[in-house]
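Chains, contacts and geometry: an overview
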Amino acid sequence: MKPISRVLIPVSLIVVLGLPAFAQGDYGFLWWAHGWRGKSPEGARVVCVQTNHYGLALDVNKPALLHLGAIDNPKPYAVAVADPNEVVFDLPPAALSLWVESEGTRYTCVRAAENTEDRAHYPVRLIESGQVVQRFDIEQLVFENEQGVALNITGRLELVAWPDKLHVSLDVTPNIDLDGFRVAIGLNQGGDRGEQSKFNAHAKAGETLRVWSICQPGKPEPDAAPEPTITVRDVKGGDNVPVVYDPYRGWFNVALPEAVWSWADEPKRLDRFSVSISNPGTTTQNVPINFAVDGNLSGVIGMTPMLFDSEGRPTGIPVQVSKNWHRQADDPVLYEGPWFHGFSQITVPPGETWTGELVIAYAWWGDVPAVSHAQLCLVGWGTNQRWDQVAIGSWGESITYDPDVNLNRSMIDDVRPLMVNGMQGGPYQWTVNVGGGDFLVYFDGSGEKQYLSRMRVAYLEPGPNLTRAIYAGTTPDGCLDARIEVSTPRCDDVNRSFHKFRYDVRKAMPFSRLAFYQLGADNYNDHQFATIARGNETGVLEEWKTERGGKSYLRTDIPVEGEVPWFSLHDGERNKHHPKGAWANRGMVVRSWKARLGGQDIAAPTAAIYGTENGPSSALVELGPPPGCTELLPGDFVEAEVELVILPADPGTYYGPNEAFKEHLEANINTWEPVYRLATGNALKVASTKGDVRRNYPVEIATDTNGEAECTITGGVGYVPVTFTGCAAPTGYHLEGDLPNADEFVQVAYDGESKTWSRTYNVEMDGVGETGKTLRLLRE
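Residues numbered from 1 in each chain as written. Predicted model: local features only at pLDDT ≥ 70, side-chain atom pairs only at ≥ 80, totals over all residues. Heavy atoms only, no water.

1. Here we look at the overall build of the protein chain
This is how the line gets drawn: By the criteria applied, helices consist of DSSP H or I runs no shorter than four residues and strands consist of E runs no shorter than two, each listed in order from the N terminus. Here the globule rule reads 2.2 Å times residues to the power 0.38, and the radius of gyration is calculated from C-alpha atoms. The rule is simple: take the accessible area with a 1.4 Å probe, protein chains only, and divide by the maximum for that residue type; under 20% is buried, over 50% is exposed, in between is partly exposed. Contacts between residues were defined by any pair of non-hydrogen atoms, one from each residue, lying within 4.5 Å. Computed by Shrake-Rupley with a 1.4 Å probe, the accessible areas treat only the displayed protein chains as cover when residues are assessed.
Scanning the protein chain from N- to C-terminus turns up 4 helices and 56 strands. For 780 residues, the compact-globule formula gives about 28 Å, and the C-alpha radius of gyration of the protein chain, at 27 Å, lands near that figure. Dimensions along the principal axes, computed over C-alpha positions, put the protein chain at roughly 80 × 60 × 50 Å. For the protein chain, buried positions account for 62% of its 780 residues. A separation threshold of at least 6 residues defines the contact pool for the protein chain, and within that pool the share at least 24 residues apart is 70%. Accessible surface computed for the protein chain: about 28100 Å², of which carbon and sulfur atoms make up 48%.

Below you can see the structure in the form of structure tokens.
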């Protein structure tokens, strides 16, 4: 294609925040300051944005901008996720004014987002959120004159926050014809004022007027640098891809083609697009890009876009994945699906050209199903808040997370077995849902449930070898801070998730009920099963038929014993919601535990069985405090790692390629044995001769002072994720150890805290046993 033409951005408002230019390690967060359910002491519902350059707080019901300003000495991404609200609340006060004029009468926006009862049209809508871009809008804007008379118009405010700049736009649509109609937006931050308006002498009903403003760091005027030249080409088809600058949202939109295909015909499909960005100016440019498919995409359920360099090596430059496939045919709404948006910023020095490739993995990455973790937009489905979705392969969600519990169920929601016959009876389909689960379940001394609030997410690694995201928040009463890290590996046998959590008690915390982790959840547990077993590395310690229901404890004070404690919930029973598809069982393994509770060191958790009434009567197993503990004290903590596993329950339904797993299932289907096999098989022994072992499972090795590592792994079931940290660059490394094409399918990520890179591989360990497998990460 021809180079895109220079775009003249008609910016009327530039607010100087004194922010640095884009650099590796940029990030952003979007969250409800007091939780999705909560309000400020003044009764306001407040949404916040924080990047490593600036922050803002917005009262969504007025709407009113409360704070806006630069953030000094920002913390790295994985650390800042746990920052308190004060990082934003301590910024300078700011003001946002929205008004319209009709026939000489001014109408000011006085309120918004008041009707929150309509789930499908919840008026504060999270559209896109990840490391690179935070985007949300506020509907139901009401404009009144000085006499309190409202003008018959529809208004919507939208914010798009990049790490170094903020775009704010106002859309106003008259519901009747209006003459002399003007729309305006103004912002006051730290004494800097600006206002933009648009006029229509004869505005027709249904005709939208949009005004917009930018908070751009660095200079009081927009940079006069010439527009970068961007060329993107579809490697497979050979066609150039249209690239157009969107001034309202501040990105170059790369319109990737719609793609619909059959998994039977293209099971291991990869899409590749060459990318060239030239900077003709005299200063470095940070080019904001949206690699977008606004339409149908067969692989949207599970996908990992990655940026490679000109030599075909992963760069570690983040590509945020936000997507949506929801829509209601009888009730279309703005921004409903299907679409995929992959956001990135690519830094190009003056006079230079960045060349590389966008590679999109879908169901498979090499010969093993890929894994992906992404924000899934709920616009078109309802509630319109944050929902995170993990997929192994691209045939359905494997596990989902609702960090604000905005669906009033639990934080761990839908979970599904891997590579078994789906709900329509065949392979490569959505499988049955046997959710959910939960992290902290805390009822205070008065019996009121304390949901985690101020929940932020750091999307550290979206895949395709091992996902990694951190959820961090606090209880509304200020008693406890939570940091929850979730990961899922690329594999071909079992849907498993690694849940690592840390709870820190800040002040005295009496409770009427407390659980640190649940397999099943109080409000999400319609999966029925007949039998529970518990055991450890020695085998099964106890097996029993469980009672169900009652919303009360069916059994308490169950010891959690041994080096590798595990629980199996099996004899799964099909319910009326899932008449077809292979059924599944659930299990969990306690991989590590360290705690101080009630001022005492506690060597192991205590388990309990709780009867649920979420649809059909069922039961869950939870990990909690020891008997007699009714209050936590300042300085108490829990630090634990739990592995969640979802296992086939029906004979002959697993169709995956893992023969060792298939053989074991045939002999032990619908028993506790599969959980025991995974628990003990992946109780790995890892010894290093170069570098330091930081974690045994998933394996994590820190490189030595020369940037190299060598380790021997003993044991192992299936594909084991192995991560080498502390690499000085994203490239220039090679892995040895009988691993064909390992470096071709490596995952690379940047760590802002150490300012180094990591390299993650999936190492097949079936059959290795006590002989072990030696891996060597070498500098090239």
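2. Here we look at the packing of aromatic side chains
In plain terms, the rule: Two rings from Phe, Tyr or Trp (for Trp, the six-membered ring) form a pair when their centres are within 6.5 Å of each other. A pair whose planes differ by under 30 degrees is stacked, one over 60 is edge-to-face, and the rest are tilted. For a lysine, the NZ atom is tested; for an arginine, the CZ atom; a charge sits over a ring if that atom is within 6 Å of the ring centre and within 35 degrees of the ring normal.
Tallied over the entire structure, the rule returns 29 aromatic pairs. An angle of 45 degrees between the planes, with centres 5.8 Å apart, marks the rings of Trp36 and Tyr122 as tilted. Taken together, the residues Trp36 in the loop between strand 1 (28-32) and strand 2 (46-51) and Tyr122 in the loop between strand 6 (105-111) and strand 7 (124-129) connect sequence positions 86 residues apart. By relative accessible area, Trp36 is classed as buried at 14%. Above the plane of the ring of Tyr524 lies Arg409, whose end atom (NZ or CZ) is 4.3 Å from the centre. Here the guanidinium or amino end of Arg456 rests over the ring plane of Phe29, the centre of that ring lying 6.0 Å away.

3. A look at the pattern of salt bridges
To keep it simple, the criterion reads: We define a salt bridge as a contact between a side-chain nitrogen of Lys or Arg and a carboxyl oxygen of Asp or Glu at a distance within 4 Å.
Tallied over the entire structure, the rule returns 46 salt bridges. For Arg416, the salt bridge identified is with Asp414, shortest N-O distance 3.9 Å. Residue Arg416 is classed as buried on the basis of its relative accessible area of 7%. Two residues, Asp493 and Arg496, come together in a salt bridge whose shortest N-O distance is 3.1 Å.

4. Let's talk about the confidence of the model for the protein chain
We count it as follows: For every residue, the pLDDT score states the predictor's confidence, bounded by 0 at the bottom and 100 at the top.
When pLDDT is averaged across the protein chain, the result is 93; 95% of the residues are at 70 or more. For the stretch residues 1-22, pLDDT sits under 50, and the model shows 74 contacts to residues farther than four places along the chain or on other chains.

5. Topic: the environment of Ile412
Counting through the fold element by element, Ile412 comes out in strand 29 (residues 412-415). The class for Ile412 is buried, based on a relative accessible area of 1%. The spatial distance from the C-alpha of Ile412 to the C-alpha of Leu334 is 28 Å, given a sequence separation of 78 residues. With residues up to four places along the chain from it excluded, the contact list for Ile412 reads Ile399, Thr400, Tyr401, Gly436, Gly437, Asp438, Phe439, His499, Tyr517 and Tyr524.

6. Description of the sheet that holds strand 49 (residues 692-696)
Put simply, the test is: Pairing between two strands requires that DSSP report at least two bridges joining them. Helix axes are fitted only over the stretch in contact, all axes being lines through C-alpha atoms; the angle between N-to-C directions runs from 0 to 180 degrees.
Reading across the sheet, the 5 strands line up as 49-50-52-55-54 and stay open at both edges, with mixed pairing between neighbours. Each edge of the open sheet carries a strand with a single partner, namely strand 49 and strand 54 (747-751). Each neighbouring strand pair of the sheet contributes to a mean axis angle of 20 degrees, computed without reference to strand direction.

7. Looking at the environment of Ser512
Position of Ser512 relative to the elements: it lies in strand 36 (residues 509-515). In this structure Ser512 comes out as partly exposed when scored by relative accessible area, which is 47%. Sequence spacing of Ser512 and Lys449 is 63 residues, and the spatial spacing of their C-alpha atoms is 9.5 Å. The residues contacting Ser512, other than those within four sequence positions of it, are Phe443, Asp444, Gly445 and Gly447.

8. Describing the nonpolar core
What counts, and what does not: The definition of a nonpolar core used throughout is a set of buried Ala, Val, Leu, Ile, Met, Phe, Trp, Tyr and Cys residues joined through side-chain atoms within 4.5 Å.
Within the largest apolar cluster, 139 residues are counted, with the highest numbers of intra-cluster contacts made by Leu256, Phe439 and Phe501. For Leu256, the contacting residues outside a window of four places in its chain are Val241, Phe273, Phe291, Ala292, Val293, Phe340, Leu358 and Ile360. Grouped together as the second largest cluster of nonpolar side chains are 44 residues, Phe181, Leu187, Ala203 and Cys215 included.

9. Quick look at the packing of helix 3 (residues 659-668) against helix 4 (residues 673-681)
To keep things clear, this is the line we draw: All amino acids are sorted into three groups, where Ala, Val, Leu, Ile, Met, Phe, Trp, Tyr, Cys and Pro are nonpolar, Asp, Glu, Lys and Arg are charged, and the leftover types, Gly among them, are polar.
Running from N to C, helix 3 and helix 4 point in directions that differ by 145 degrees, and their axes come no closer than 9 Å. Across from Ala660, Phe661, His664, Leu665 and Asn668 in helix 3, the residues of helix 4 making contact are Glu673, Pro674 and Arg677. Considered class by class, the residues forming the contact of helix 3 with helix 4 number 4 nonpolar, 2 polar and 2 charged.

10. Here we look at helix 4
In terms of burial, helix 4 is a largely internal element, 7 of the 9 residues being buried. Within helix 4 the residues assigned to the buried category are Pro674, Val675, Tyr676, Arg677, Leu678, Ala679 and Gly681.

11. Some details on the environment of Glu708
The line we're drawing: As used in this structure description, the phrase polar contact means that two N or O atoms lie within 3.5 Å; if the pair is within protein, one of them must be able to donate a hydrogen and the other to accept it, and residues adjacent in sequence are counted only when both atoms belong to side chains.
Inspection of the secondary structure puts Glu708 in the loop between strand 50 (699-702) and strand 51 (709-714). Measuring from C-alpha to C-alpha, the distance between Glu708 and Ala150 comes to 68 Å, with 558 residues separating the pair along the chain. For Glu708, the contacting residues outside a window of four places in its chain are Lys690, Gly691, Thr703, Leu777, Leu778 and Arg779. Looking at Glu708, its side chain comes within polar contact range of the side chain of Lys690, at 3.1 Å. Within the local environment of Glu708, its side chain forms a polar contact with the backbone nitrogen of Arg779, the two atoms lying 3.0 Å apart.

12. A closer look at the side chain of Asp137
Within the secondary structure, Asp137 sits in strand 8 (residues 134-144). Engagement of the side chain of Asp137 in a polar contact is seen with the side chain of Arg125, the distance being 2.8 Å. Polar side-chain contacts of Asp137 include one of 3.0 Å to the side chain of Arg156. Residue contacts for Asp137: discarding those within four places in its chain leaves Pro123, Val124, Arg125, Ile127, Arg156, Leu157, Glu158 and Tyr335.

13. Comments concerning the sheet that holds strand 1
Read across the open sheet, the 4 strands follow the order 1-2-3-4; overall the sheet is antiparallel. Bordering the open sheet on either side are strand 1 and strand 4 (64-70), each of which pairs with just one other strand. Across the sheet, the mean angle separating the axes of adjacent strands is 10 degrees when strand polarity is ignored. By the bridge criterion, 6 bridges tie strand 3 (residues 54-59) to strand 4 in an arrangement that is antiparallel. Following the sheet pairing, Leu56 is matched in strand 4 by Leu68.

14. Focus on the pairing of strand 39 (residues 539-545)
In terms of strand pairing, strand 38 (residues 528-536) meets strand 39 through 6 bridges, oriented antiparallel. Bridging across to strand 39, Asn536 finds its partner in Gly539.

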